[in-house]
Number of protein chains: 2
Amino acid sequence: MPLIEYNDEYFMRQALNEAQLAFDEGEVPVGCVIVCDNTVISRGHNMTEMLKDSTSHAEIIAITSAEEYLQSKYLKDCTLYVTVEPCVMCAGAIYWAQIPRIVFGAKDEKRGASLYGHLYHPAAKVTSGIMQEECSKMMKDFFKNKR
Amino acid sequence: MPLIEYNDEYFMRQALNEAQLAFDEGEVPVGCVIVCDNTVISRGHNMTEMLKDSTSHAEIIAITSAEEYLQSKYLKDCTLYVTVEPCVMCAGAIYWAQIPRIVFGAKDEKRGASLYGHLYHPAAKVTSGIMQEECSKMMKDFFKNKR
């Protein structure tokens, strides 16, 4: 049996599993995991409809949970994986948590934070396009069903 | 006895009361109230240290609470009062909640959302400088004590 390779695809698949949970609950399907030392320390998926809370994006839930787990308001040794590019709110949250690496799947052409420049921590590195097709397809399928 | 005049100063004073609670708890003293039909429907003050949660800004707490109260993820008939200019994260949250009016006291020259343009909902109106001196003084007093 081959060893698991802990690479960006592996963790993005975990984020996609979270997005699927959102999809199944009728939420815009965005999922997020936060990883520290090759271990997923928190998970989140969009819950804005269920909670009637516009701040309950996947990333916010995952950040709050990771900080609770680490008992620290900084996530300086973590990587955040999210299926769709963070919005301005989430980019601001990622900034405050000082997350040094952000990996996302599909770009958000309408509300992605990159429309406003680099809102993350100045030293943060961004990798995009990991499992882009799967991440993007889930969003398209969701909005197709809504019409 | 004079009738209470429900104006911006009146509600900013409520936000300052919240900021004082943060100050007393050793938190960066920012306070927020959300007002609908001249009634404060939610309050929040910065709790990032106590909760070890970098997303627990005054505005996020107040928005989540107001949406819970109204059972709606939109706050389209509300005004948000906050003692210090919202950061990028909070401006993004205000955008999603579609809050049409934002009133703040002191400007945040370093991390205020206005450094990145208008991040609020396109139609949102911003009023600044209400009780600016009191709001600013509380921040200065806090950081003076920290040194």
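Now for a look at the structure at hand. Numbers given to residues run from 1 along each chain, matching the order in which its sequence is written. Note on labels: chains are lettered from A, ligands numbered from 1, in written order. Side-chain atom pairs in this predicted model are given and counted only at pLDDT of 80 or more, local residue features only at pLDDT of at least 70, and totals for whole chains, interfaces and linings cover all residues. The basis for the side-chain values is all heavy atoms of the structure; hydrogens and waters are excluded.

Residue and element names in this part refer to chain B. Within the open sheet, the five strands sit side by side as E2-E1-E3-E4-E5. Their pairing is mixed. Only two strands of the sheet have a single neighbouring strand rather than two, namely strand E2 (39-45) and strand E5 (125-128). Recorded for the sheet is a direction-independent mean angle of 20 degrees between the axes of neighbouring strands. This element, helix H3 (residues 58-70), spans strand E1 (31-36), E2 and strand E3 (78-84) of the sheet and lies at about 140 degrees to E2. By definition, residues are in contact when any of their heavy atoms lie within 4.5 Å. In this analysis, axes come from line fits to C-alpha atoms, helices being fitted only over the stretch in contact, and the angle between any two N-to-C directions falls in the range 0 to 180 degrees. Numbering of helices and strands runs from the N terminus, with a helix taken as a DSSP run of H or I at least four residues long and a strand as a DSSP run of E at least two residues long. Contacts between helix H5 (residues 132-146) and the sheet are confined to E3 and strand E4 (101-106), with E4 contributing the most and set at about 60 degrees to the helix. Any two strands between which DSSP finds at least two bridges are classified as paired.

Moving on, we get to the pairing of strand E4 (residues 101-106) of chain A. Residues and elements named next belong to chain A. Residue exposure (1.4 Å probe, protein chains only): buried if accessible area is under 20% of the type maximum, exposed if over 50%, otherwise partly exposed. Counting buried positions over the six residues of E4 gives five, a clear majority of the element. As paired elements, strand E3 (residues 78-84) and E4 share five bridges and run parallel to each other. Bridge pairing links Val82 to Phe104 in E4. With the strands pointing away from the viewer, any crossover whose connection runs clockwise from the first strand over the helix to the second is right-handed. Note on the crossover from E3 through helix H4 (residues 88-96) to E4: the handedness is right-handed.

The two copies are related by a screw operation: chain B maps onto chain A through 180 degrees of rotation and 0.0 Å of translation along the axis, at an RMSD of 0.0 Å. Both copies are brought into coincidence by an operation consistent with a two-fold rotation axis. Distance from the rotation axis, computed per C-alpha, reaches its smallest value in chain B at B:Met89: 2.0 Å. When the interface residues of chain B are mapped onto chain A, 100% of them are again interface residues, pointing to one common binding face. The least-squares superposition of copies is restricted to C-alpha atoms, and to residues with a pLDDT of at least 70 in both copies.

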